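# Descriptive structure summary
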Protein chains: 2
Amino acid sequence: MSQSLQLKNAGLKSTLPRLKILDLFGSGLECHLSADDIYRKLLESGVDVGIATVYRVLTQFEQAGLLVKRHFEGDKSVFELNQGKHHDHIVCLQCGKVEEFYDEIIETRQKTIAAERGFSVNDHTLSIYADCLKADCPNKRQGIV
Amino acid sequence: MSQSLQLKNAGLKSTLPRLKILDLFGSGLECHLSADDIYRKLLESGVDVGIATVYRVLTQFEQAGLLVKRHFEGDKSVFELNQGKHHDHIVCLQCGKVEEFYDEIIETRQKTIAAERGFSVNDHTLSIYADCLKADCPNKRQGIV
DNA sequence: GTTGAGAATGATAATGATTATCATTACCAA
DNA sequence: TTGGTAATGATAATCATTATCATTCTCAAC
(Lines give C-alpha, C1' and ligand atoms only; values in the text may rest on other atoms or scores of the structure.)
Protein backbone atom coordinates (compact mmCIF):
# COMPACT_ATOMS: atom_id res chain seq x y z
CA MET A 1 0.00 0.00 0.00
CA SER A 2 1.36 3.42 -0.92
CA GLN A 3 2.14 5.77 1.91
CA SER A 4 -0.25 8.47 0.80
CA LEU A 5 -2.99 5.86 0.66
CA GLN A 6 -2.04 4.73 4.14
CA LEU A 7 -2.52 8.29 5.32
CA LYS A 8 -5.80 8.67 3.47
CA ASN A 9 -7.12 5.53 5.11
CA ALA A 10 -6.24 7.01 8.45
CA GLY A 11 -8.21 10.14 7.61
CA LEU A 12 -5.08 12.27 7.34
CA LYS A 13 -4.13 14.54 4.49
CA SER A 14 -1.02 13.60 2.58
CA THR A 15 1.57 16.17 3.60
CA LEU A 16 5.32 16.28 3.37
CA PRO A 17 6.08 15.99 7.10
CA ARG A 18 3.72 13.02 7.43
CA LEU A 19 5.16 11.21 4.43
CA LYS A 20 8.73 11.80 5.56
CA ILE A 21 8.05 10.60 9.08
CA LEU A 22 6.31 7.49 7.75
CA ASP A 23 9.37 6.98 5.55
CA LEU A 24 11.67 6.84 8.55
CA PHE A 25 9.78 3.89 9.98
CA GLY A 26 8.96 2.60 6.56
CA SER A 27 11.11 -0.32 5.65
CA GLY A 28 12.97 -1.41 8.76
CA LEU A 29 11.05 -3.21 11.41
CA GLU A 30 12.41 -3.11 14.96
CA CYS A 31 12.98 0.60 14.45
CA HIS A 32 12.42 2.58 17.65
CA LEU A 33 12.60 6.36 17.33
CA SER A 34 11.95 9.24 19.70
CA ALA A 35 10.42 12.53 18.61
CA ASP A 36 13.83 14.11 18.88
CA ASP A 37 15.46 11.32 16.82
CA ILE A 38 12.95 11.96 14.08
CA TYR A 39 13.31 15.73 14.26
CA ARG A 40 17.08 15.45 13.89
CA LYS A 41 16.96 12.92 11.07
CA LEU A 42 14.54 15.05 9.08
CA LEU A 43 16.62 18.19 9.49
CA GLU A 44 19.74 16.26 8.47
CA SER A 45 18.06 15.02 5.32
CA GLY A 46 17.06 18.57 4.44
CA VAL A 47 13.38 18.39 5.44
CA ASP A 48 12.66 21.61 7.29
CA VAL A 49 10.10 20.48 9.83
CA GLY A 50 9.11 21.91 13.21
CA ILE A 51 9.41 19.90 16.40
CA ALA A 52 5.74 20.64 17.17
CA THR A 53 4.73 18.98 13.93
CA VAL A 54 6.78 15.91 14.77
CA TYR A 55 4.98 15.48 18.09
CA ARG A 56 1.61 16.17 16.49
CA VAL A 57 2.13 13.69 13.69
CA LEU A 58 3.39 11.00 16.05
CA THR A 59 0.29 11.40 18.19
CA GLN A 60 -1.94 11.22 15.13
CA PHE A 61 -0.16 8.14 13.83
CA GLU A 62 -0.51 6.49 17.20
CA GLN A 63 -4.23 7.26 17.34
CA ALA A 64 -4.62 6.02 13.79
CA GLY A 65 -2.98 2.75 14.80
CA LEU A 66 0.02 3.19 12.50
CA LEU A 67 2.52 3.51 15.37
CA VAL A 68 2.81 2.32 18.95
CA LYS A 69 4.39 4.35 21.75
CA ARG A 70 6.84 2.70 24.15
CA HIS A 71 8.50 3.81 27.38
CA PHE A 72 11.89 2.28 27.96
CA GLU A 73 14.26 3.40 30.67
CA GLY A 74 14.97 7.09 30.52
CA ASP A 75 12.68 10.04 30.09
CA LYS A 76 11.66 10.16 26.45
CA SER A 77 9.19 7.87 24.66
CA VAL A 78 9.93 6.05 21.45
CA PHE A 79 7.66 4.96 18.63
CA GLU A 80 7.65 1.87 16.45
CA LEU A 81 5.51 0.59 13.59
CA ASN A 82 2.33 -1.10 14.76
CA GLN A 83 2.75 -4.68 13.67
CA GLY A 84 -0.66 -5.61 14.97
CA LYS A 85 0.62 -8.25 17.31
CA HIS A 86 1.80 -7.81 20.87
CA HIS A 87 5.46 -8.30 21.70
CA ASP A 88 7.98 -7.46 24.40
CA HIS A 89 11.49 -6.00 24.19
CA ILE A 90 15.12 -6.64 24.99
CA VAL A 91 17.14 -3.44 25.16
CA CYS A 92 20.94 -3.55 25.02
CA LEU A 93 22.39 -1.29 27.70
CA GLN A 94 25.61 -0.98 25.76
CA CYS A 95 24.53 -0.01 22.28
CA GLY A 96 20.84 0.78 22.70
CA LYS A 97 19.78 -1.85 20.20
CA VAL A 98 16.21 -3.02 20.72
CA GLU A 99 15.04 -6.51 19.77
CA GLU A 100 11.50 -7.77 19.94
CA PHE A 101 10.20 -11.11 21.14
CA TYR A 102 6.99 -12.90 21.98
CA ASP A 103 6.79 -15.83 24.34
CA GLU A 104 3.65 -17.80 24.92
CA ILE A 105 4.81 -19.21 28.25
CA ILE A 106 5.32 -15.74 29.70
CA GLU A 107 2.03 -14.49 28.29
CA THR A 108 0.05 -17.36 29.77
CA ARG A 109 1.82 -17.18 33.08
CA GLN A 110 0.96 -13.51 33.45
CA LYS A 111 -2.73 -14.16 33.01
CA THR A 112 -2.58 -16.92 35.60
CA ILE A 113 -0.76 -14.74 38.11
CA ALA A 114 -3.19 -11.88 37.63
CA ALA A 115 -6.22 -14.15 37.93
CA GLU A 116 -4.88 -15.68 41.14
CA ARG A 117 -4.72 -12.20 42.62
CA GLY A 118 -8.12 -11.08 41.43
CA PHE A 119 -7.11 -9.02 38.40
CA SER A 120 -8.22 -9.16 34.78
CA VAL A 121 -5.26 -8.36 32.53
CA ASN A 122 -5.70 -5.40 30.25
CA ASP A 123 -2.20 -4.89 28.97
CA HIS A 124 1.39 -5.31 30.03
CA THR A 125 4.91 -4.21 29.26
CA LEU A 126 7.98 -6.34 29.73
CA SER A 127 11.39 -4.86 28.99
CA ILE A 128 14.55 -6.84 29.54
CA TYR A 129 17.65 -4.65 29.95
CA ALA A 130 20.67 -6.65 28.97
CA ASP A 131 24.16 -6.62 27.56
CA CYS A 132 24.35 -7.51 23.93
CA LEU A 133 27.06 -10.11 23.49
CA LYS A 134 27.23 -9.75 19.75
CA ALA A 135 30.43 -8.87 17.97
CA ASP A 136 28.99 -5.78 16.35
CA CYS A 137 27.88 -4.22 19.63
CA PRO A 138 29.82 -0.98 19.77
CA ASN A 139 29.92 -1.07 23.58
CA LYS A 140 29.72 2.68 23.59
CA ARG A 141 29.51 2.96 27.36
CA GLN A 142 32.95 1.56 27.93
CA GLY A 143 34.42 4.21 25.69
CA ILE A 144 32.76 7.03 27.57
CA VAL A 145 33.91 6.16 31.06
CA MET B 1 16.77 -0.49 63.34
CA SER B 2 15.92 3.08 64.24
CA GLN B 3 15.37 5.46 61.38
CA SER B 4 18.13 7.85 62.37
CA LEU B 5 20.50 4.90 62.50
CA GLN B 6 19.31 3.85 59.05
CA LEU B 7 20.24 7.31 57.82
CA LYS B 8 23.58 7.27 59.58
CA ASN B 9 24.43 3.95 57.98
CA ALA B 10 23.67 5.48 54.63
CA GLY B 11 26.07 8.33 55.38
CA LEU B 12 23.25 10.86 55.65
CA LYS B 13 22.67 13.25 58.52
CA SER B 14 19.52 12.74 60.50
CA THR B 15 17.27 15.63 59.51
CA LEU B 16 13.56 16.27 59.85
CA PRO B 17 12.70 16.03 56.13
CA ARG B 18 14.62 12.77 55.77
CA LEU B 19 13.03 11.22 58.84
CA LYS B 20 9.55 12.25 57.79
CA ILE B 21 9.99 10.93 54.27
CA LEU B 22 11.31 7.64 55.60
CA ASP B 23 8.26 7.58 57.89
CA LEU B 24 5.89 7.70 54.95
CA PHE B 25 7.33 4.51 53.52
CA GLY B 26 8.08 3.15 56.96
CA SER B 27 5.61 0.50 57.95
CA GLY B 28 3.50 -0.30 54.91
CA LEU B 29 5.08 -2.37 52.22
CA GLU B 30 3.66 -2.15 48.72
CA CYS B 31 3.63 1.61 49.18
CA HIS B 32 4.37 3.44 45.94
CA LEU B 33 4.70 7.22 46.19
CA SER B 34 5.68 9.96 43.75
CA ALA B 35 7.67 13.04 44.75
CA ASP B 36 4.48 15.03 44.54
CA ASP B 37 2.54 12.53 46.67
CA ILE B 38 5.19 12.87 49.36
CA TYR B 39 5.33 16.65 49.11
CA ARG B 40 1.56 16.89 49.58
CA LYS B 41 1.41 14.39 52.43
CA LEU B 42 4.13 16.21 54.33
CA LEU B 43 2.46 19.60 53.93
CA GLU B 44 -0.85 18.10 55.03
CA SER B 45 0.73 16.70 58.16
CA GLY B 46 2.21 20.08 58.97
CA VAL B 47 5.81 19.39 57.90
CA ASP B 48 6.91 22.47 55.98
CA VAL B 49 9.23 20.97 53.39
CA GLY B 50 10.31 22.22 49.97
CA ILE B 51 9.69 20.24 46.81
CA ALA B 52 13.40 20.46 45.94
CA THR B 53 14.27 18.72 49.18
CA VAL B 54 11.81 15.95 48.45
CA TYR B 55 13.45 15.25 45.10
CA ARG B 56 16.92 15.48 46.60
CA VAL B 57 16.14 13.15 49.47
CA LEU B 58 14.47 10.61 47.18
CA THR B 59 17.54 10.54 44.96
CA GLN B 60 19.81 10.13 47.97
CA PHE B 61 17.67 7.34 49.37
CA GLU B 62 17.71 5.60 46.03
CA GLN B 63 21.49 5.86 45.78
CA ALA B 64 21.81 4.63 49.35
CA GLY B 65 19.71 1.60 48.46
CA LEU B 66 16.85 2.48 50.80
CA LEU B 67 14.36 3.09 48.00
CA VAL B 68 13.82 1.89 44.45
CA LYS B 69 12.48 4.04 41.64
CA ARG B 70 9.76 2.71 39.32
CA HIS B 71 8.22 3.98 36.09
CA PHE B 72 4.65 2.90 35.59
CA GLU B 73 2.42 4.27 32.87
CA GLY B 74 2.22 8.03 32.98
CA ASP B 75 4.87 10.67 33.34
CA LYS B 76 5.96 10.73 36.97
CA SER B 77 8.13 8.14 38.75
CA VAL B 78 7.21 6.48 42.02
CA PHE B 79 9.39 5.14 44.81
CA GLU B 80 9.04 2.14 47.06
CA LEU B 81 11.05 0.62 49.90
CA ASN B 82 13.94 -1.51 48.71
CA GLN B 83 13.03 -4.97 49.90
CA GLY B 84 16.25 -6.38 48.60
CA LYS B 85 14.54 -8.90 46.37
CA HIS B 86 13.38 -8.36 42.82
CA HIS B 87 9.68 -8.36 42.04
CA ASP B 88 7.29 -7.23 39.34
CA HIS B 89 4.03 -5.30 39.52
CA ILE B 90 0.34 -5.46 38.75
CA VAL B 91 -1.23 -2.01 38.52
CA CYS B 92 -5.01 -1.60 38.66
CA LEU B 93 -6.16 0.76 35.93
CA GLN B 94 -9.31 1.57 37.88
CA CYS B 95 -8.06 2.47 41.34
CA GLY B 96 -4.31 2.74 40.87
CA LYS B 97 -3.58 0.05 43.45
CA VAL B 98 -0.22 -1.61 42.95
CA GLU B 99 0.47 -5.20 43.96
CA GLU B 100 3.81 -6.94 43.81
CA PHE B 101 4.61 -10.45 42.69
CA TYR B 102 7.51 -12.68 41.88
CA ASP B 103 7.30 -15.67 39.59
CA GLU B 104 10.13 -18.09 39.05
CA ILE B 105 8.77 -19.38 35.77
CA ILE B 106 8.75 -15.91 34.22
CA GLU B 107 12.20 -15.10 35.61
CA THR B 108 13.75 -18.26 34.22
CA ARG B 109 12.00 -17.91 30.90
CA GLN B 110 13.38 -14.40 30.44
CA LYS B 111 16.94 -15.56 30.92
CA THR B 112 16.40 -18.32 28.40
CA ILE B 113 14.90 -15.96 25.83
CA ALA B 114 17.71 -13.46 26.26
CA ALA B 115 20.41 -16.13 26.03
CA GLU B 116 18.86 -17.54 22.84
CA ARG B 117 19.19 -14.09 21.30
CA GLY B 118 22.72 -13.44 22.49
CA PHE B 119 22.02 -11.20 25.46
CA SER B 120 23.08 -11.40 29.07
CA VAL B 121 20.24 -10.14 31.30
CA ASN B 122 21.09 -7.22 33.50
CA ASP B 123 17.69 -6.19 34.75
CA HIS B 124 14.08 -6.14 33.68
CA THR B 125 10.75 -4.55 34.41
CA LEU B 126 7.40 -6.25 33.98
CA SER B 127 4.25 -4.30 34.69
CA ILE B 128 0.84 -5.84 34.18
CA TYR B 129 -1.92 -3.26 33.74
CA ALA B 130 -5.20 -4.80 34.78
CA ASP B 131 -8.64 -4.27 36.19
CA CYS B 132 -8.93 -5.03 39.84
CA LEU B 133 -11.96 -7.24 40.35
CA LYS B 134 -12.08 -6.76 44.09
CA ALA B 135 -15.13 -5.41 45.86
CA ASP B 136 -13.27 -2.50 47.40
CA CYS B 137 -11.95 -1.19 44.10
CA PRO B 138 -13.44 2.28 43.87
CA ASN B 139 -13.59 2.09 40.08
CA LYS B 140 -12.91 5.77 39.89
CA ARG B 141 -12.73 5.87 36.12
CA GLN B 142 -16.32 4.88 35.62
CA GLY B 143 -17.42 7.81 37.74
CA ILE B 144 -15.40 10.28 35.72
CA VAL B 145 -16.73 9.40 32.28
C1' DG C 1 -5.55 24.84 -14.04
C1' DT C 2 -7.53 28.11 -10.52
C1' DT C 3 -9.57 28.94 -6.29
C1' DG C 4 -11.27 28.91 -1.65
C1' DA C 5 -12.31 26.68 2.77
C1' DG C 6 -10.47 24.34 6.09
C1' DA C 7 -6.74 21.55 7.68
C1' DA C 8 -1.69 21.48 8.59
C1' DT C 9 2.42 23.69 9.73
C1' DG C 10 6.03 26.00 12.43
C1' DA C 11 7.60 29.55 15.64
C1' DT C 12 7.04 30.20 20.05
C1' DA C 13 4.84 30.38 24.58
C1' DA C 14 3.15 27.38 28.12
C1' DT C 15 3.14 23.30 30.92
C1' DG C 16 4.56 19.67 34.18
C1' DA C 17 8.18 17.04 36.15
C1' DT C 18 12.63 17.31 37.65
C1' DT C 19 17.28 19.47 38.55
C1' DA C 20 20.57 23.33 39.61
C1' DT C 21 21.70 27.57 42.16
C1' DC C 22 22.58 29.94 46.20
C1' DA C 23 21.72 32.44 50.38
C1' DT C 24 20.01 30.97 54.83
C1' DT C 25 19.47 27.48 58.42
C1' DA C 26 20.16 23.25 61.04
C1' DC C 27 23.10 19.32 62.61
C1' DC C 28 26.71 17.62 65.30
C1' DA C 29 31.51 17.01 66.80
C1' DA C 30 34.67 19.43 69.59
C1' DT D 1 28.05 26.65 73.26
C1' DT D 2 29.88 27.11 68.99
C1' DG D 3 31.82 26.83 64.37
C1' DG D 4 32.25 24.43 60.14
C1' DT D 5 29.91 22.08 56.95
C1' DA D 6 26.07 19.78 55.14
C1' DA D 7 21.09 20.42 54.37
C1' DT D 8 17.30 23.16 53.29
C1' DG D 9 13.90 25.87 50.63
C1' DA D 10 12.75 29.54 47.37
C1' DT D 11 13.30 30.05 42.92
C1' DA D 12 15.37 29.88 38.37
C1' DA D 13 16.61 26.65 34.89
C1' DT D 14 16.07 22.53 32.09
C1' DC D 15 13.92 18.91 29.38
C1' DA D 16 10.23 16.65 27.12
C1' DT D 17 5.91 17.58 25.56
C1' DT D 18 1.59 20.32 24.51
C1' DA D 19 -1.11 24.54 23.32
C1' DT D 20 -1.63 28.86 20.68
C1' DC D 21 -2.09 31.27 16.58
C1' DA D 22 -0.87 33.54 12.37
C1' DT D 23 0.71 31.78 7.97
C1' DT D 24 0.93 28.16 4.49
C1' DC D 25 -0.53 24.11 2.13
C1' DT D 26 -3.88 20.46 0.45
C1' DC D 27 -7.53 19.05 -2.19
C1' DA D 28 -12.18 19.08 -3.83
C1' DA D 29 -15.15 21.88 -6.67
C1' DC D 30 -15.31 24.70 -10.40
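Residues numbered from 1 in each chain as written. Chains lettered and ligands numbered in written order. Predicted model: local features only at pLDDT ≥ 70, side-chain atom pairs only at ≥ 80, totals over all residues. Heavy atoms only, no water.

### Focus: the sheet that holds strand S1 (residues 33–34) of chain B
Residue and element names in this part refer to chain B. Taken together, the 3 strands give an open sheet; going across it, the order is S1-S3-S2, and neighbouring strands pair in antiparallel fashion. The open sheet is flanked by S1 and strand S2 (67–70), the only strands paired with a single partner. For S1 and strand S3 (residues 78–81), the ladder comprises 2 bridges, and the chain directions are antiparallel. Its bridge partner lying in S3, Leu-33 is registered against Phe-79. Helix H4 (residues 51–63) rests against S2 and S3 of the sheet, and its axis sits at about 110° to S2. (Pairing = 2+ DSSP bridges. Helix = DSSP H or I, 4+ residues; strand = E, 2+ residues; numbered from the N terminus. Contact = heavy atoms within 4.5 Å. Axes fitted to C-alpha atoms, helices over the stretch in contact; angles between N-to-C directions.)

### Re helix H3 (residues 35–44) of chain B
All names here are of chain B. Within the sequence span of H3, burial applies to Ala-35, Ile-38 and Leu-42. Considered in projection along H3, the buried side chains sweep an arc of 65° and stay on one side of the axis. Phi turns positive one or two residues past the end of H3, at Gly-46, with a value near 85°. (Buried < 20%, exposed > 50% of the residue type's maximum accessible area, 1.4 Å probe, protein only. Arc of directions from axis to C-beta.)

### Considering the protein's contact with DNA strand C
Of all residues adjacent to DNA strand C, which total 17 residues, the nearest are Thr15(A), Asp48(A), Thr53(A), Arg56(A) and Tyr55(B). Close to the protein, within 4 Å, the atoms of DNA strand C belong to sugar or phosphate groups at a rate of 67%. The contact in question runs from a phosphate oxygen of DNA strand C to an N or O atom on the side chain of Arg18(A), over 3.1 Å. In this structure, Asp48(A) approaches DNA strand C through a main-chain N or O atom, which is 2.8 Å from a phosphate oxygen. Elements supplying a minimum of two residues to the surface near DNA strand C: helix H2 (16–26) and helix H4 (51–63) of chain A together with H4 of chain B. Looking at the surface near DNA strand C, its residues break down into 5 nonpolar, 5 polar and 7 charged. (Near = heavy atom within 4 Å. Polar contact = N/O pair within 3.5 Å; in protein donor to acceptor, adjacent residues only side chain to side chain. Nonpolar A, V, L, I, M, F, W, Y, C, P; charged D, E, K, R; others polar.)

### Structural notes on the packing of H2(A) against H4(A)
All names here are of chain A. Where H2 contacts H4, the axes come no closer than 10 Å and their chain directions differ by 70°. Considered as vectors, H2 and H4 are oriented roughly perpendicular to each other. Between H2 and H4 the crossing geometry is right-handed. Facing Pro-17, Arg-18, Ile-21, Leu-22 and Phe-25 of H2, the residues of H4 in contact are Thr-53, Val-54, Val-57, Leu-58, Gln-60 and Phe-61. Grouping the constituent residues of the contact of H2 with H4 by class yields 8 nonpolar, 2 polar and 1 charged. (Parallel < 35°, antiparallel > 145°, perpendicular 65-115°, else oblique. Left-handed = near helix turned anticlockwise from the far one by under 90°.)

### Concerning the domain arrangement of chain A
All names here are of chain A. When its domains are assigned, chain A resolves into domain 1 (3–81) and domain 2 (88–144). Each of domain 1 and domain 2 has a C-alpha centre, and these two points are 23 Å apart. Regarding the contact of domain 1 and domain 2, the summed buried area is about 650 Å², with carbon and sulfur atoms giving 52% of it. When residues of domain 1 are sorted by the area they lose upon contact with domain 2, Glu-30, Phe-72 and Glu-73 head the list and together hold 72% of the total. Taken together, the links from domain 1 to domain 2 amount to 4 residue pairs in polar contact (both at pLDDT 80 or more). (Domains from an automatic or database assignment. Buried area = accessible area lost by both parts, 1.4 Å probe.)

### A few points about the packing of helix H5 (residues 104–116) of chain A against helix H5 (residues 104–116) of chain B
Remark: H5(A) packs on H5(B), axes separated minimally by 10 Å, with the N-to-C direction vectors making an angle of 165°. Here H5(A) is positioned roughly antiparallel relative to H5(B), judged by the angle of their axes. Two packed elements cross with a definite hand, and for H5(A) against H5(B) that hand is left-handed. Mapping the contact onto sequence places Ile105(A), Ile106(A), Arg109(A), Gln110(A) and Ile113(A) in H5(A) and Ile105(B), Ile106(B), Arg109(B), Gln110(B) and Ile113(B) in H5(B). Its residues placed into classes, the contact of H5(A) with H5(B) shows 6 nonpolar, 2 polar and 2 charged.

### Digging into the sheet that holds strand S1 (residues 33–34) of chain A
Residues and elements named next belong to chain A. The 3 strands lie next to each other as S1-S3-S2, forming an open sheet whose pairing is antiparallel. Each edge of the open sheet carries a strand with a single partner, namely S1 and strand S2 (67–70). The sheet strands contacting H2 are S1, S2 and strand S3 (78–81), and the helix crosses S3 at an angle near 75°.

### So, the environment of Gln110(B)
Position of Gln110(B) relative to the elements: it lies in helix H5. According to the relative accessible area criterion, Gln110(B) is buried, its value standing at 1%. Residues Gln110(B) and His124(B), spaced 14 residues apart in sequence, show a C-alpha to C-alpha distance of 8.9 Å. Look past the residues within four positions of Gln110(B) in its chain and what remains in contact with it is Ile106(A), Leu126(A), Ile128(A), Val121(B) and His124(B).

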